[in-house]
Amino acid sequence: MTTAEASALEHALGVDFADGALLDLALAHRSWAFEAGGQPTNERLEFLGDAVLGLVITDRVYRALPEAPEGRLAKLRAATVSATTLASVARGLGVGEAVKLGRGEEQSGGRDKDSILADTLEALIGAVYLDRGLDAATALVHRLFDGIVDELQSAKGALDFKTALQELSAAELSTLPAYELSEEGPDHEKRFTAVVRVGGESLGSGQGRSKKEAEQAAARRALDALATRPGAAE
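All of these numbers come straight from a predicted model, not from anything done at the bench.

Asker: Explain the overall build of the chain residue by residue, including any values.
Answerer: Of the regular secondary structure elements, the chain holds 12 helices and three strands. Taking all 234 residues of the chain together, 41% fall into the buried category. In the chain, once contacts between residues fewer than 6 apart in sequence are set aside, the share between residues at least 24 apart is 57%. Accessible surface, the chain: about 12,000 Å² in total, of which carbon and sulfur atoms supply 51%.

Asker: Quick rundown of a nonpolar patch on the surface? Include the residues and the values.
Answerer: Where nonpolar side chains cluster on the molecular surface, the patch consists of Leu55, Tyr129, Leu130 and Leu134 and spans about 370 Å² of accessible area. Take leucine 130: it is sitting in helix 9 (residues 114–132).

Asker: Outline the packing of aromatic side chains, supporting the account with residue identities and numerical values.
Answerer: The final tally for this structure, using the stated rule, is zero aromatic pairs. Against the face of tryptophan 32 rests lysine 100, its NZ or CZ located 3.9 Å from the ring centre. The positively charged end of lysine 162 is found above the aromatic ring belonging to tyrosine 179, 5.0 Å away from the centroid.

Asker: Kindly report on the pattern of salt bridges, identifying the contributing residues and their values.
Answerer: Scanning all chains against the criterion turns up 21 salt bridges. Ionic pairing is found between arginine 30 and glutamate 43, a salt bridge with its closest N-O pair at 3.1 Å. Within this pair, whereas arginine 30 is found in helix 3 (residues 30–35), its partner glutamate 43 is found in helix 4 (residues 43–64), the two being separated by 13 residues in sequence. With a shortest N-O distance of 3.5 Å, arginine 132 and aspartate 131 are connected by a salt bridge. Residue arginine 132 is classed as partly exposed on the basis of its relative accessible area, which comes to 45%. Relative accessible area serves as the criterion here: at 15%, aspartate 131 is assigned to the buried category. The network of salt bridges with common partners includes Glu46, Asp50, Asp119, Glu122, Arg191 and Arg209.

Criteria and thresholds
- Residues numbered from 1 in each chain as written.
- Predicted model: local features only at pLDDT ≥ 70, side-chain atom pairs only at ≥ 80, totals over all residues.
- Heavy atoms only, no water.
- Helix = DSSP H or I, 4+ residues; strand = E, 2+ residues; numbered from the N terminus.
- Buried < 20%, exposed > 50% of the residue type's maximum accessible area, 1.4 Å probe, protein only.
- Contact = heavy atoms within 4.5 Å.
- Areas by Shrake-Rupley, 256 points an atom, 1.4 Å probe, with all protein chains shown as cover.
- Patch = residues over 30% accessible without salt bridge, like charges linked within 9 Å, V, L, I, M, F, W, Y side chains within 5 Å.
- Salt bridge = Lys/Arg side-chain N within 4 Å of Asp/Glu carboxyl O.
- Phe/Tyr/Trp six-rings, centres within 6.5 Å; stacked < 30°, edge-to-face > 60°.
- Lys NZ or Arg CZ within 6 Å of the ring centre and 35° of its normal.

Put into structure tokens, the structure is as follows:
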């Protein structure tokens, strides 16, 4: 990562790192670390950032919906911190351009993979927490995700993207969606990828730490794809 890339990412995050080594580590994907002779990876920071993100978003949705039952709070949180959502936020920050990847991952399009972008964003949140403290990390999460929480909150029942896609497919296409699942990684750190097909046509894919999360992410993308087609219902 060049100095210019680091400065651009700090500017996008709105954070000036006191310890530049933490920013550098947050961008160290395991494929790069392996090819660099076993350098440290960003996975520990990802673990930390995931916890910080989860706490801040849980607090946010709890306060935003004071009368909502636990199930709706859980759906709103899950949609906010899904791999698809995190990857979208990361793209907006330019994380893909800054992450350090090995040659193989680079050649296979790793700079735009949801899983890599989502994990790296969590690592960056973890790095901000260590470098600047909980208040700064909390402020960062709010800047990046408050608008998303508000948008998802207004979606109401559509937070269950699988159900919404099933209802739309049945009503307008006279068919039901089908999901294809694959997985990678060790048992304690599984990553699932789901591809959803409607009428044999692939409409979206998504990733997550569980099969359910991956399917929800794929359904959300399929709904977006259907909504942008000519003649889609207003």
